[in-house]
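One letter stands for each residue in the lines below.
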Amino acid sequence: LKSNKDFYASVSGSGYRYYKVTTVGNRKLTISFPWGDGTNSKYKVKIMDSKKKKTLSGVTTVSSSIDYTTFGAVPKGTYYVAVSTATDSCYSIKVKQTKVTENSGSSKSKAKSISKGGKKKGLVTATQSKTSADWYKIKVNSNQAVNLDVYTETGGSGGIKITVYSGSKSMGSSEFYNGSSPDSYSGRLELYTTINGVHMGYLQKGTYYIKVTKYGSGNGYYEIQWK
């Protein structure tokens, strides 16, 4: 498939059809179905390796509830987007590739700084392991409320997990799924210090580390902003 071009397909049966995608670097994939002949169209979508043997992301069911769109992320290489539908005899599919410039650390010691009000963006790819992580850090200069606003565009069976550490101690974590947005509670990670079991409503002065990993087989795009 050429990036951002409609491809029209006819269907016989409910098995998977395979669409070849080749990328020249790390890319966010926006997988959409602009047209279908069903009144309640549904499509099962997964990303597979270059031999169509290994599933790299779990199955996502795409329907009107998510605007017939799902997402993924892959490094340089050749992949297949596999599609199955039991509702349509014809449909169109479009896979848009988007380059994302990421500035993250590959380990805690190499974490990249996020300033107050600053934003970082990145990709969690379908091929990376669950232990692979993007690392960031924030420096809190005085006791204050700290919120991390998170926006995601993901696919697969899962999402993106964010964990915040003070030293080796976890200060909080959350999983974010496709459509997590800072406009809703689902897109915010509130951080606070607990003293003798009491939430203080603020985070103490210090440096905190943010670890971004995949959750389940989720993969795609994320943004983190320190508010």
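Residues numbered from 1 in each chain as written. Predicted model: local features only at pLDDT ≥ 70, side-chain atom pairs only at ≥ 80, totals over all residues. Heavy atoms only, no water.

Caption draft 1: Examining the sheet that holds strand S5 (residues 60-62) more closely. Judged by pairing direction, the sheet is antiparallel, and its 4 strands sit side by side in the order S2-S7-S4-S5 without closing on themselves. Each edge of the sheet is formed by a strand with only one pairing partner; in this case those strands are strand S2 (17-23) and S5. Here the average twist between neighbouring strands, direction ignored, is 30 degrees. Bridging between strand S4 (residues 43-48) and strand S7 (residues 77-84) involves 5 bridges; their strand directions are antiparallel. In the sheet register, Ile47 faces S7, and the bridge partner there is Val81. (Pairing = 2+ DSSP bridges. Helix = DSSP H or I, 4+ residues; strand = E, 2+ residues; numbered from the N terminus. Axes fitted to C-alpha atoms, helices over the stretch in contact; angles between N-to-C directions.)

Caption draft 2: Layout of the sheet that holds strand S11 (residues 134-140). Spatial ordering of the open sheet is given by S9-S11-S18-S13-S14, a layout of 5 strands whose pairing is mixed. Because the sheet does not close on itself, it has two edges, and the strands there are strand S9 (112-113) and strand S14 (169-176). Here strand S13 (residues 158-166) runs beside strand S18 (residues 206-216); their pairing, made up of 8 bridges, is antiparallel. When the sheet's bridge partners are listed, Tyr165 is paired in S18 with Tyr209.

No statement about biological role is implied by the geometric values presented.
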